[in-house]
Amino acid sequence: MTPEEPAGGLLVPTRRGPARLQLDLPPSGTRSLLILGHGAGGDVLAPDLVAVTSAVVAAGVAVARVTQPYRVAGRRAPAPANHLDEAWTDVVAVVRAGVRDVPLLFGGRSSGARVACRTAEALGASGVIALAFPTHPPGKPERSRVDEIPLSLPVLVVNGDRDPFGVPPVVGEATVVVLPGADHGFKKVSAAVGGAAVDWLRARGWAS
């Protein structure tokens, strides 16, 4: 698959249509590669994704932000989970071909966090950063999605204590950071989200 350069990033062909890729490289010395996905109705300019990108690139982490094909096509309603995972898998292959020989990390917010968690083990990621992980639909705690969090990998979960989608429990090797007063959007605490990501990456040698 060969990417094409449009305004605002690379268009990457996938099984589910073109995705968009925005790659930010550190000024010197890449310690790891973090691939990030967006929320269901949002995009890669969400405040927490921008904050994480800015913070970790400065700490030596290459960041690839992926816009799913349905959003590139102008739709807000998310594609089925298997379509999201397939498009993500195809983009990961393209990114990995360009940034090699460093640890591969997945991440994202909300729906993007779920995609990252579901695919991390199969695609060889060393760890996952899950922002605003939607533990269950609002008001329906019985429909838990905690089983999507990989148990065999280090996972950083950052959620707000006012998130209507809930806060997941600590499972496997997960580290759960709960930000007081924060809701699902993290709009007022995006800097704290970026700081939590950098601290977690540094503790594992994935950032400088």
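Quick notes on the rules
- Residues numbered from 1 in each chain as written.
- Predicted model: local features only at pLDDT ≥ 70, side-chain atom pairs only at ≥ 80, totals over all residues.
- Heavy atoms only, no water.
- Helix = DSSP H or I, 4+ residues; strand = E, 2+ residues; numbered from the N terminus.
- Rg over C-alpha atoms; globule rule 2.2 N^0.38 Å.
- Buried < 20%, exposed > 50% of the residue type's maximum accessible area, 1.4 Å probe, protein only.
- Contact = heavy atoms within 4.5 Å.
- Areas by Shrake-Rupley, 256 points an atom, 1.4 Å probe, with all protein chains shown as cover.
- Lys, Arg positive; Asp, Glu negative; His and termini not counted.
- Charge placed at Lys NZ, Arg CZ, Asp CG, Glu CD.
- Core = buried A, V, L, I, M, F, W, Y, C linked by side-chain atoms within 4.5 Å.

### Comments concerning the overall build of the chain
No. 1: Scanning the chain from N- to C-terminus turns up five helices and eight strands.
No. 2: The linear arrangement of helices and strands in the chain, starting from the amino end, is β-β-β-α-β-α-α-β-α-β-β-β-α.
No. 3: Against the globule reference of 17 Å for 208 residues, the chain gives a C-alpha radius of gyration of 16 Å, in line with a compact fold.
No. 4: Projected onto its principal axes, the C-alpha coordinates of the chain cover approximately 40 × 40 × 30 Å.
No. 5: Expressed as a percentage of its 208 residues, the buried residues of the chain come to 51%.
No. 6: At a minimum sequence separation of 6, the contacts of the chain that also span at least 24 residues come to 59%.
No. 7: Element-wise, carbon and sulfur atoms account for 54% of the exposed surface of the chain, whose accessible area totals about 8,800 Å².
No. 8: Charged side chains in the chain number 21 positive and 18 negative. The centres of these two groups are separated by 4 Å.

### Points about the nonpolar core
No. 1: One finds Leu33, Ile35 and Phe106 to be the most contacted residues of the largest nonpolar core, which totals 35 residues.
No. 2: Sorting the residues of this core by element identifies strand S2 (19-24), strand S3 (32-37), strand S4 (61-67), helix H3 (81-98), strand S5 (104-109), helix H4 (111-119), strand S6 (127-131) and strand S7 (154-160) as the ones contributing at least two each.
No. 3: The element contributing the most residues to this core is H3, with six residues.
No. 4: For Ile35, the residues in contact, after removing those within four places along its chain, are Ala64, Val66, Trp88, Val92, Val95, Leu104, Leu105, Phe106 and Gly107.
No. 5: Listed in part, the 28 residues of the second largest apolar core include Leu49, Ala132, Ala196 and Leu201.

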